[in-house]
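Single-letter residue listing:
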Amino acid sequence: MLDWLKSPILTFQEFVTLAGRASLNVFRRPFYGQDLFLQMDTIGVGSLPITVLIGFFSGVIMALQMSRALSQYGATGQVGQITAITLVREMGPVLTALLIAGRNASGIASELGSMKVSEQIDAMRALGTDPVKKLVTPRLLAMCVTLPLLTIIADFVGIVGGYIVAVPLLRLTTGSQYWNNAWRSLEYNDIAQGLIKPLLFAFIIALVGCLYGMRTSGGTQGVGRATTQAVVVASVWIFVITALITRIFVNL
Amino acid sequence: MARNEAKERRCILKFEDVSLQFDQADPVLDKVSFEIWSGETRIILGAAGSGKTVMMKIALGLLKASSGRVSVMGQDVTNFDERQWYEVRSHIGVLFQEGGLFDSLTIEENVAYPLLNQARFMTDGKKPTLDTVRPDVQEALNFVELGNTLNKFPSELSGGMRRRVGIARGSVADPDLFLYDSPTAGLDPITANTIIALLIKDREMRNTTAAIITHRFQDGHLLANFRYNPEKDRLERLPANSPLRERTKFMVMKEGRLVFEGPEAELDASVDPYISKFSMHPAQNPERKVS
Ligand SMILES: Nc1ncnc2c1ncn2[C@@H]1O[C@H](COP(=O)(O)OP(=O)(O)OP(=O)(O)O)[C@@H](O)[C@H]1O
Ligand SMILES: [Mg+2]
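Residues numbered from 1 in each chain as written. Chains lettered and ligands numbered in written order. Predicted model: local features only at pLDDT ≥ 70, side-chain atom pairs only at ≥ 80, totals over all residues. Heavy atoms only, no water.

1. Some details on the overall build of chain A
Rules: Numbering goes from the N terminus for both helices and strands, where a helix is a DSSP run of H or I of at least four residues and a strand is a run of E of at least two. Remark: exposure states derive from per-residue accessible area (1.4 Å probe, protein chains only) relative to the maximum for the residue type, with buried under 20%, exposed over 50%, and partly exposed in between. Note on contacts: a residue pair is in contact if any heavy atoms of the two residues lie within 4.5 Å. Only the protein chains shown count as cover for residues, and the accessible areas themselves come from Shrake-Rupley with a 1.4 Å probe.
Check the secondary structure of chain A and you find eight helices and zero strands. Its helices and strands in sequence order give chain A the pattern α-α-α-α-α-α-α-α, from N to C terminus. Along the longest, intermediate and shortest principal axes, the C-alpha atoms of chain A span 70 × 45 × 35 Å. In chain A, which comprises 252 residues, the share counted as buried stands at 50%. Counted over contacts in chain A with a minimum sequence separation of 6, partners at least 24 positions apart contribute 84%. For chain A, the accessible surface area stands at approximately 12300 Å², while carbon and sulfur atoms represent 69% of it.

2. What about the environment of A:Gly46?
Residue and element names in this part refer to chain A. The topology assignment puts Gly 46 in helix α2 (residues 33–72). Between the alpha carbons of Gly 46 and Asn 104 there is a distance of 9.8 Å; along the sequence they are 58 residues apart. Discounting residues that sit within four places of it in the chain, Gly 46 has contacts with Asp 41 and Arg 103.

3. Some details on the environment of B:Val70
Residue and element names in this part refer to chain B. If you trace the backbone, Val 70 turns up in strand β4 (residues 67–72). Sequence separation between Val 70 and Arg 134 is 64 residues; the distance between their C-alpha atoms is 35 Å. Those residues in contact with Val 70 that sit more than four places away from it in its chain are Lys 14, Phe 15, Val 18, Ile 58, Gln 75, Asp 76, Val 77 and Thr 78.

4. Topic: the pattern of salt bridges
Residues and elements named next belong to chain B. Worth spelling out the cut-off: Salt bridges are counted wherever a side-chain nitrogen of Lys or Arg sits within 4 Å of a carboxyl oxygen of Asp or Glu.
For the coordinates displayed, the defined rule picks out 22 salt bridges over all chains. The partner of Asp 202 in a salt bridge is Arg 206, with the nearest N and O atoms 2.9 Å apart. Highlighted residues: Asp 202 and Arg 206, both in helix α7 (residues 189–206), separated by four residues, approximately one helical turn. Exposure remark for Arg 206: the relative accessible area of 27% places this residue in the partly exposed category. Connected through salt bridges with shared partners, the residues Glu 204, Arg 227, Glu 236 and Arg 247 form a single ionic network.

5. Description of the coordination of the magnesium ion (ligand 2)
Any two of four tetrahedral donors ideally make an angle of 109.5 degrees at the metal, while pairs among six octahedral donors ideally make 90 or 180 degrees. Residues and elements named next belong to chain B. Heads up, the rule is: Note that water is not among the atoms considered, so a metal site may appear incomplete; the donors listed are N, O and S atoms within 2.8 Å of the metal, with 3.2 Å applied to Na, K and Ca.
Ligation of the magnesium ion (ligand 2) by protein atoms is provided by Thr 53 (OG1) and Gln 97 (OE1), these donors lying 1.9 to 2.2 Å from the ion. Of this pair, Thr 53 sits in helix α2 (residues 52–59) while Gln 97 sits in the loop between β6 (92–95) and α4 (107–117); the two residues are 44 residues apart in sequence, bridging distant segments of the chain. In this structure Gln 97 comes out as partly exposed when scored by relative accessible area, which is 28%.

6. Remarks on the packing of aromatic side chains
The following threshold applies: Each aromatic pair joins two rings of Phe, Tyr and Trp (for Trp, the six-membered one) with centres within 6.5 Å, and gets the label stacked for planes under 30 degrees apart, edge-to-face for over 60, and tilted for any other angle. Here, a charge over a ring is recorded when the distance from Lys NZ or Arg CZ to the ring centre is within 6 Å and its angle to the ring normal is within 35 degrees.
Tallied over the entire structure, the rule returns ten aromatic pairs over all chains. Aromatic pair A:Tyr163 and A:Tyr178: ring centres 5.7 Å apart, planes at 65°, arrangement edge-to-face. With A:Tyr163 in helix α5 (residues 131–169) and A:Tyr178 in helix α6 (residues 175–185), the pair connects residues that are 15 residues apart, well separated along the chain. Relative accessible area serves as the criterion here: at 24%, A:Tyr163 is assigned to the partly exposed category. Taken together, A:Tyr163, A:Tyr178 and A:Trp179 form an aromatic cluster joined through their ring pairs. The ring of B:Tyr86 carries the charged tip of B:Arg89 above its face, separated from the ring centre by 5.2 Å.

7. A word on helix α1 (residues 2–24) of chain A
All names here are of chain A. To be explicit about the condition: The span one expects for a helix is its residue count, reduced by one, times 1.5 Å.
The end-to-end C-alpha separation of α1 is 32 Å, in line with the 33 Å expected for 23 residues at 1.5 Å each. Along α1, the positions that sit buried rather than exposed are Thr 11, Phe 15, Leu 18, Ala 19 and Ala 22. Check the buried side of α1 and you find it contacts α5 and α7 (188–214).

8. Section: the interface of chain B and chain A
To be explicit about the condition: Reported buried area values correspond to the accessible surface (1.4 Å probe) lost by two parts on association, with both partners' losses combined. Polar contact is the term for a pair of N or O atoms within 3.5 Å; when the atoms are in protein, one must be able to donate a hydrogen and the other to accept it, and sequence-neighboring residues count only if both atoms are side-chain atoms. Polarity classes work like this: nonpolar for Ala, Val, Leu, Ile, Met, Phe, Trp, Tyr, Cys and Pro, charged for Asp, Glu, Lys and Arg, and polar for all others, with Gly in that last group.
Between chain B and chain A, the residue contacts involve 25 residues of the former and 19 residues of the latter. When chain B packs against chain A, the two sides together hide about 1800 Å² of surface, and 52% of this comes from carbon and sulfur. Per-residue buried area on chain B facing chain A is highest for B:Tyr86, B:Phe102 and B:Tyr113; these three make up 27% of the total on that side. On inspection of chain B and its partner chain A, the count reaches three salt bridges. The shortest N-O distance in the salt bridge between B:Lys57 and A:Asp122 comes to 2.9 Å. One can count 14 residue pairs in polar contact (both at pLDDT 80 or more) joining chain B with chain A. Those elements that place two or more of their residues in the side of chain B that touches chain A are α2, α3 (82–89) and α4 of chain B. The element contributing the most residues to the side of chain B that touches chain A is α3(B), with four residues. Considering only residue class, the side of chain B that touches chain A consists of eight nonpolar, nine polar and eight charged.

9. Observations regarding the sheet that holds strand β1 (residues 11–20) of chain B
Residues and elements named next belong to chain B. Operational definition: One bridge is not enough; two strands pair if DSSP finds at least two bridges between them. Angles run from 0 to 180 degrees between N-to-C directions of axes, and those axes are lines fitted to C-alpha atoms, restricted for helices to the stretch in contact.
One open sheet accounts for four strands, arranged β2-β1-β4-β5; its pairing is antiparallel. Taken across any chain shown, the strands that pair with only one partner, and hence form the sheet edges, are β2 (29–37) and β5 (75–76). The pairing of β1 with β4 spans five bridges and is antiparallel. Looking at β4, one finds that Lys 14 is bridged to Ser 71. Contacts between α2 and the sheet are confined to β1, β2 and β4, with β1 contributing the most and set at about 120° to the helix.

10. Considering the pairing of strand β11 (residues 248–254) of chain B
Residues and elements named next belong to chain B. Counting buried positions over the seven residues of β11 gives five, a clear majority of the element. As judged from the six bridges shared by strand β3 (residues 41–46) and β11, these two strands associate in the parallel manner. Bridge assignment links Arg 42 to a residue of β11, and that residue is Lys 249. What sits between the antiparallel neighbours β11 and strand β12 (residues 257–262) is a turn of two residues, in which Glu 255 has the positive phi angle 45°.

11. Comments concerning helix α6 (residues 159–171) of chain B
Helix length check: α6(B) (13 residues) gives 19 Å between terminal C-alpha atoms against 18 Å at 1.5 Å per residue, within 8%. Within α6(B), ten of the 13 residues are buried, leaving the element largely enclosed by the surrounding structure.

12. Examining the nonpolar core
Put simply, the rule is: Buried Ala, Val, Leu, Ile, Met, Phe, Trp, Tyr and Cys residues that are joined via side-chain atoms within 4.5 Å together make up what is termed a nonpolar core.
Counting residues in each nonpolar core, the largest one holds 81 residues, and the members touching the most others are A:Ile205, B:Phe15, B:Leu29, B:Met55 and B:Val72. With eleven residues, the top contributor of residues to this core is α7(A). Leaving out residues up to four positions away in the same chain, A:Ile205 has contacts with A:Ala97, A:Ile100, A:Ala101, A:Ala105, A:Met143, A:Leu147 and A:Ile238.

13. Quick word on a nonpolar patch on the surface
Residue and element names in this part refer to chain A. In plain terms, the rule: Surface patches are defined over residues having more than 30% relative accessible area and no salt bridge, joining like charges when they lie within 9 Å and nonpolar side chains (Val, Leu, Ile, Met, Phe, Trp, Tyr) when within 5 Å.
A contiguous nonpolar surface patch, about 610 Å² in accessible area, is contributed by Phe 12, Val 16, Val 232, Val 236, Trp 237, Val 240 and Leu 244. The set of elements that each furnish at least two residues to the nonpolar patch consists of α1 and α8 (219–251). A total of five residues in the nonpolar patch trace back to one element, the largest contributor, which is α8. Mapped onto the secondary structure, Trp 237 falls in helix α8.

If you want it as structure tokens, here you go:
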């Protein structure tokens, strides 16, 4: 029983240590600005097309699904409100985070994993650089900046997708009513949880990717294993965190 | 000159009963003790998994010993933290078994890396730039005869060339101790001999202290019996009574234990079945030619 618990507890402990060291490094010299911009480019700009695509279709699907349910109650005019709230509160952050976990937690884990097995991480330490500062901190920072931005974009594109279904396609409501409805339904509460979530997800995705990458052992096979684990663990945590935060905000 | 060296003789690396254990498994290193003195060339032999790489990583502070004491250049580093280790490591050159070249950087950036990142090369807290260190980088690459690969990436080079870039990167900061982990592993005999010739040349030109992990007994034999002649730019065999033969010592690792330490003659004379597997048998042509 204790043995069974030992490994996850140790992993969690490593995670907390890494989180602490990576965050403290944000305020310590030297800064690796170039690495930061490179990461923002791969994570942010690189994920933009797929985020827009997924965001758009989640709005489209939501509006399509809602159109049937709402028409039963004769409330088709509310479609803008429902789309906006679900997207901003839940779907936007979670879908974007899952997407980025699949795309970048794996990318980070495999990159750092291959660096680990080819002894590049050891070489960094041997040649005077702290791998946490040089590799983890820029990825963490880049993720914390880009994931919330990507989420906002996904939310917006999703609402546009909902509009296209609700107004020109199904004529559930008028354009101005849709936008009015969507805009006014959003409270500070929704926006707050819509931004806190991606920030926490960014932490999880970047650090889980880095942790599993840096712990890689056992050659190329180990890199594959680390990559898979990173995506699975990050995705599970995304759901756990989103449930926790939603619970907190529902009570507010 | 020899007298001068003798005066400066100091202990570069010292292990005292160093053990290392991962989890509950058998110890990976078991009470290993040895000393490497300045000017010495130490050949570390041993089967795969006998703990050679682990030993090297402990000497670099990349792994922490579970027990025992480690001293580097007269400093007891056993309880050093990572920050203190950076200073120690900046005096040690290293060639990793898996290469450890940064594959996102060019050859020039790779070789310049220690000069750009080690605190001891900073002036007023400012890093030198690639331009200011270029002469040193160029010289280190010229030494390994790769002076025209500055803008290539590691993936564009052959295995032997990458090994040589690793040597250039390890030596560019003029280290007091050079650790080579399997510099000839996986190379053809000709390339392997070229690499060993480089190590011999480096030893002659800079009087480096070096520890060399290898599987090939030829490597040790060459290092023990040859010197570089700068006038003729070639290797030549040391006379039988040369005191320079004394500076090459061998050690053999077996399952985490140090089972042999001594000069080549003693290694060759060993009748232990494990140890003698690493010695140069007379039947195997000791007069092998070097590059
Ligand atoms: N991080 C680690 N965790 C657990 N065990 C390890 C770790 N690193 C090395 N080992 C174990 O330590 C032992 C010695 O490994 P080491 O890499 O030092 O061997 P080696 O002598 O360098 O072998 P080779 O000649 O194949 O390079 C091996 O059994 C290896 O499995
Ligand atoms: Mg090894």
